[in-house]
Amino acid sequence: MCEVVCKGERLWLREVVEADIAPLHAIYGDPAATEHMPFAPRTLEQVAEVVREATAAAAREPRLLYALAVLDAADQELIGTARLHIDAEQPHCAEIRLGLRPDHWGRGMGTDLVRLLLGFGFKQLGLHRIWGARAPSNLPAQLAMLTAGMVEEGVLRHHVATPDGWRDSVIHAAVEDDWPGR
């Protein structure tokens, strides 16, 4: 059994494990859930490889990647994925990425998830700066990051290669000094 990394009121975060492959495929394999991600929907085997890589990353020292399962606190069902990747060259800084099953959209879960990741990064990992990139058309991600306390910093042109070509990214960030939950 995995130890829970972080518990919020509605969401919990814990390590990704092999038993999560099928529930994670419900996110990574869903065209709606991956619409703003830089990859096409993934196969079950591709998701299994993601889980294997996450498990290997969890054992490395220093640990730079936290691949976490997002659970609904009410029933502990896996409803999303969250990643926090620490920059090896700037270990005080990390990038976050997240995804939720579409049946959990529109209920403020994205904002709750961003807040949990910020709290985990600032309180438990001692980070100073946490940032995330979103597709310019991903307005729900914009709302979630802004509502959670992140600041929109600007646009990186042609930042991400996608199956449809190069895509810009809008960067949002929070620093521990400005974060209200510190």
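Preceding this paragraph is the structure being described.
Figured I'd write up the structure that's included with this text. (Residues numbered from 1 in each chain as written. Predicted model: local features only at pLDDT ≥ 70, side-chain atom pairs only at ≥ 80, totals over all residues. Heavy atoms only, no water.)

## Some points on helix H3 (residues 109-124)
Since the α-helix turns once every 3.6 residues, residues separated by three or four places project in the same direction. Our working definition: Strands are runs of DSSP state E lasting at least 2 residues, helices are runs of H or I lasting at least 4, and numbering of each runs from the N terminus. Multiply 1.5 Å by the residue count of a helix minus one, and that product is the helix's expected span. Burial classes follow relative accessibility: with a 1.4 Å probe on protein chains only, a residue under 20% of its type's maximum area counts as buried, one over 50% as exposed, and anything between as partly exposed.
For H3, with 16 residues, the first-to-last C-alpha span of 21 Å sits near the 22 Å given by 1.5 Å per residue. By the criterion of burial, H3 is predominantly enclosed, with twelve of the 16 residues buried. Three or more residues of H3 are buried, namely Met 109, Gly 110, Thr 111, Leu 113, Val 114, Leu 116, Leu 117, Leu 118, Gly 119, Phe 120, Gly 121 and Phe 122. The positive-phi residue at the C-terminal boundary of H3 is Gly 126, with phi of around 70 degrees.

## Focus on the packing of aromatic side chains
Stated precisely, the cut-off is as follows: Working definition: rings of Phe, Tyr and Trp (its six-membered ring) pair if their centres are within 6.5 Å, and the pair is stacked with planes under 30 degrees apart, edge-to-face with planes over 60 apart, and tilted otherwise. Remark: a charge is flagged as sitting over a ring if the NZ atom of Lys or the CZ atom of Arg is within 6 Å of the ring centre and within 35 degrees of the ring normal.
Counted under the stated rule, the structure contains three aromatic pairs. Between the aromatic rings of Tyr 66 and Phe 120, the centroid separation amounts to 5.3 Å while the plane-to-plane angle is 75 degrees, which identifies the pairing as edge-to-face. Placement of Tyr 66 in strand E3 (residues 65-72) and of Phe 120 in helix H3 is noted, with a sequence separation of 54 residues between them. In this structure, Arg 42 packs its charged tip against the face of Tyr 28, placed 5.6 Å from the ring centre.

## Description of the environment of Ala 69
Filter applied, for reference: For this analysis, residues touch if any pair of their heavy atoms sits within 4.5 Å.
On the secondary structure map, Ala 69 appears in strand E3. When its relative accessible area of 0% is taken as the criterion, Ala 69 is described as buried. Each C-alpha atom, one on Ala 69 and one on Arg 115, is 15 Å from the other, the two residues being 46 residues apart in sequence. Setting aside residues no more than four positions away along its own chain, Ala 69 makes contact with Trp 12, Leu 13, Arg 14, Glu 15, Val 16, Asp 20, Leu 78 and Gly 80.

## Focus on the pairing of strand E7 (residues 151-162)
Counted only if it meets this: Pairing between two strands requires that DSSP report at least two bridges joining them.
With eight bridges connecting them, E7 and strand E8 (residues 165-175) associate as antiparallel partners. Bridge assignment links Leu 156 to a residue of E8, and that residue is Ser 169.

## Examining the nonpolar core
Threshold: Put simply, buried Ala, Val, Leu, Ile, Met, Phe, Trp, Tyr and Cys residues joined by side-chain atoms within 4.5 Å make one nonpolar core.
Core analysis: the largest hydrophobic core is formed by 31 residues, its most contacted members being Leu 13, Val 70, Leu 84, Leu 113, Val 114 and Leu 118. Going through the elements one at a time, strand E1 (4-7), strand E2 (11-15), E3, strand E4 (78-86), strand E5 (93-100), H3 and helix H4 (139-147) are the ones with two or more residues in this core. A total of eight residues in this core trace back to one element, the largest contributor, which is H3. Ignoring sequence-local partners within four residues, the contact set of Leu 113 consists of Leu 11, Leu 13, Val 70, Thr 81, Ala 82, Leu 98 and Leu 100.

## Quick word on helix H1 (residues 21-28)
What counts, and what does not: Think of it as the arc spanned by the lines of direction from the helix axis to the C-beta atoms.
Ile 21, Leu 24, Ile 27 and Tyr 28 are the residues of H1 that are buried. Looking straight down H1, one finds its buried side chains confined to an arc of 110 degrees; they lie on one side. Residues of H1 that are buried in the fold lie against helix H2 (44-59), E4 and E5.

Honestly, that's just the spatial picture; any functional story needs more than this.
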